[in-house]
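# Chain and residue survey
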Amino acid sequence: MAEESDLEKTEEPTGRRIEQAREKGQVPHSRELGTFLILVVAAMTLWLMGGWFMARTLDLTRRAFTVEPRYFLEPGMMLPRLAEISGDALLLFSPLLGLLILAALMPPFFLNAWVFAPNALVPDLKRLNPMTGLGRMVSWSSLMELGKAVLKATLVGGVAVLLIWKERDEIFGLLAEPLESGLAHAGEMIVFSFLMLVLTLLLVVAADVPFQIWQYYDKLKMTKEEVKQEMKEMMGDPHVKGRIRSLQMQAARRRMMQAVPQADVIVTNPTHYSVALIYKAGMVAPKVVAKGVGEVAMKIREIAAEHAVPTLEAPPLARALYKHADLDAEIPGGLYNAVAEVLAYIYQLARWRETGGNYPMPPRSLPVPPELVPEPA
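Here the structure is a predicted model, which is why all the values come from computation and not from measurement. Think of each chain on its own: its residues are numbered from 1, step by step along the sequence as written. Confidence filtering applies because this is a predicted model: local features only for residues at pLDDT of at least 70, side-chain atom pairs given and counted only at 80 or more, and all residues used for totals across whole chains, interfaces and linings. With hydrogens and water set aside, each side-chain value is computed from the structure's full complement of heavy atoms.

## A word on the overall build of the protein
Here is the rule: Here a helix means four or more residues in a row that DSSP labels H or I, a strand means two or more in a row labelled E, and each is numbered from the N terminus. Contact between two residues is taken to exist if any of their heavy atoms lie within 4.5 Å; hydrogens are not considered.
Within the protein, the regular secondary structure consists of 15 helices and six strands. Sequence-distant contacts, at least 24 apart, represent 74% of the contacts inside the protein between residues at least 6 apart.

Right, here's the structure in full:
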């Protein structure tokens, strides 16, 4: 049962899942909203500018059907005349066309679905699968589309019948009106009826938009296993991260061991700690080039012995350096005096090896502040 529940898509889509879907061009969309916006913009434009369109359309029609005699004498001028009339017609209706184009581009903004996804332009042969198409025909989405079609037909048909019944007297009265005033009156009635029919579709849009948004997020729902896998991908697989961390530590350890031969001295606690120090001209303070505990400490000592790097047993100082000094960083100010005595001994030891004489005595009591010395491990 637990395995079955892990395979059920019960989890809400994560932000990454939604973003991946948007990159593929998968966004919520409502054809009803697009149709409504185009129709309502057209209806409102005709309602507000109908008189302007009518007057200029009549003028353009008169010009188009007025043929001057010279066109009969020069047939070659007919084509430029047609182009001129067509250009004037296009210019006349350009405000309406521009508003319709704008209305067609608006639905994605209302649904927060405006994306540029080149992946959506790639042909998908799966869409040609007849079994997939048959499945879409009997899906819940198809039933919803059928319901919307029935609802639209019922609403639009019902409102149309009511409008015709309400305006029946005015419709029959058009027969008694003069031609010009009758056409204007008929145009007003048609535009008003068209606007009322379009506004009726607002009910369909109010039902369709929430359904499309719900369906979109429902399709993106994830199983618990998918959520876990995504978290692993985002946070990193613990096993992979552990392996990477291990490799990084090995690489850092190799670099650290390569720096041991250049050290001036190895300060040790004979049982646990080893810290390699270096001090060159121009440095503000000595630096720690290697440090370790346990097996790493023993390895530092082995490399130091191979390259004749002097070693000094100073347990409090070794523990303090290991605890408070970072790798490849200068030692803390509180340990300056103690490290200075160690380096002085190392320089004396180097001079003794070159010139001989009395063997220098190693420092016995180094001035290490008690608060910097951790408890022995």
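Here the narrative resumes, following the displayed structure.
## Quick notes on helix α2 (residues 15–23)
Working note: α-helix, 3.6 residues per turn, so residues spaced by three or four point in the same direction. Cut-off, in case you're wondering: Only protein chains enter the calculation, and the probe is 1.4 Å; a residue is then buried if its accessible area is under 20% of its type maximum, exposed if over 50%, and partly exposed in between. This arc describes the spread of directions from the helix axis toward the C-beta atoms.
Burial in α2 covers these residues: Arg17, Ala21 and Arg22. Buried residues along α2 cover an arc of 135 degrees about the axis, so they all sit on one side. Immediately beyond the C-terminal end of α2, within one or two residues, lies Gly25, with a positive phi of roughly 85 degrees.

## Brief notes about the packing of aromatic side chains
We count it as follows: When the centres of two rings from Phe, Tyr and Trp lie within 6.5 Å, Trp using its six-membered ring, the rings pair. Their planes under 30 degrees apart give stacked, over 60 give edge-to-face, and anything left gives tilted. When the NZ atom of lysine or the CZ atom of arginine is within 6 Å of a ring's centre and also within 35 degrees of its normal, the charge is said to sit over that ring.
Considering all chains together, one arrives at seven aromatic pairs under this definition. Look at Trp52 and Phe53: their rings are 5.3 Å apart centre to centre, the planes differ by 75 degrees, and that puts the pair in the edge-to-face class. Judged by its relative accessible area of 34%, Trp52 is partly exposed. Aromatic side chains Phe211 and Trp214 sit 6.0 Å apart centroid to centroid with 35 degrees between the ring planes, which places their arrangement in the tilted category. Of this pair, Phe211 and Trp214 both sit in helix α10 (residues 179–219), three residues apart, roughly one helical turn. Linked through ring pairs, Trp52, Phe53 and Phe93 together constitute an aromatic cluster. Stacked on the ring of Trp165, the Lys or Arg Arg168 has its end atom at 4.0 Å from the ring centre. Here the basic side chain of Lys291 rests over the ring of Tyr322, its NZ or CZ set 5.2 Å away from the ring centre.

## Thoughts on the sheet that holds strand β4 (residues 273–278)
The test is simple: Two strands qualify as a pair provided DSSP detects at least 2 bridges between them. Axes, fitted as lines to C-alpha atoms, cover a helix only where it is in contact. Angles between the N-to-C directions of the axes lie from 0 to 180 degrees.
Spatial ordering of the open sheet is given by β5-β4-β3-β6, a layout of four strands whose pairing is mixed. If you trace the sheet from one side to the other, it starts and ends with β5 (287–293) and β6 (311–313), each paired once. In this sheet, adjacent strand axes meet at a mean angle of 20 degrees when their direction is disregarded. With four bridges joining them, strand β3 (residues 265–268) and β4 adopt antiparallel strand pairing. By the bridge assignment, Ile266 is partnered in β4 with Ala276. The sheet strands contacting helix α14 (residues 315–324) are β3, β4, β5 and β6, and the helix crosses β4 at an angle near 75 degrees. Lying over the sheet, helix α15 (residues 336–355) contacts β3, β4 and β6, oriented at roughly 130 degrees with respect to β3.

## Some words on the side chain of Ser274
The condition is simple: Identification of polar contacts relies on pairs of N or O atoms within 3.5 Å, with a donor-acceptor requirement for protein atoms, meaning one able to donate a hydrogen and the other able to accept it, and with residues adjacent in sequence counted only if both atoms are side-chain atoms.
Structurally, the position occupied by Ser274 is in strand β4. Within polar-contact distance, the side chain of Ser274 engages the backbone oxygen of Ala297 at 3.1 Å.

## What about a nonpolar patch on the surface?
Put simply, the rule reads: Without a salt bridge and with relative accessible area above 30%, a residue can belong to a patch; like charges are then joined within 9 Å and nonpolar side chains (Val, Leu, Ile, Met, Phe, Trp, Tyr) within 5 Å. For accessible areas, the Shrake-Rupley method is used with a probe of radius 1.4 Å. Any residue's cover is judged against the shown protein chains and nothing else. A carboxyl oxygen of Asp or Glu within 4 Å of a side-chain nitrogen of Lys or Arg is what we treat as a salt bridge.
Together, Met44, Trp47, Leu48 and Phe192 make up a nonpolar patch on the protein surface, roughly 410 Å² of accessible area in all. The element contributing the most residues to the nonpolar patch is helix α3 (residues 31–65), with three residues. Along the chain, Trp47 falls in helix α3. Look at Trp47 and you get partly exposed, because its relative accessible area is 43%.

## Some remarks on the nonpolar core
For clarity, the cut-off: Here, the term nonpolar core denotes a set of buried Ala, Val, Leu, Ile, Met, Phe, Trp, Tyr and Cys residues that are joined through side-chain atoms within 4.5 Å.
In terms of nonpolar packing, the biggest core is built from 25 residues, with Val267, Leu277, Leu317 and Leu321 touching the most fellow members. Put simply, the parts of the chain that give this core at least two residues each are β3, β4, α14 and α15. It is α15 that provides the largest number of residues to this core, a total of seven residues. Met256, Val260, Val296 and Val309 belong to the second largest nonpolar core, which has 14 residues in total.

## Observations concerning helix α13 (residues 295–306)
As a reminder of what qualifies: What a helix should span is 1.5 Å times the count of its residues minus one.
Compared with an ideal rise of 1.5 Å per residue, which puts 12 residues at 16 Å, α13 spans 17 Å between its outermost C-alpha atoms and is within 8% of the ideal. Listing the buried residues of α13 in full gives Val296, Ala297, Ile300, Arg301, Ile303 and Ala304. Along the axis of α13, the buried positions cluster into a sector of 165 degrees, meaning they face one direction only. Of the residues in α13, the exposed ones pointing more than 90 degrees away from the buried face are Glu295, Ala305 and Glu306. At the C-terminal side of α13, Ala308 shows a positive phi close to 55 degrees.

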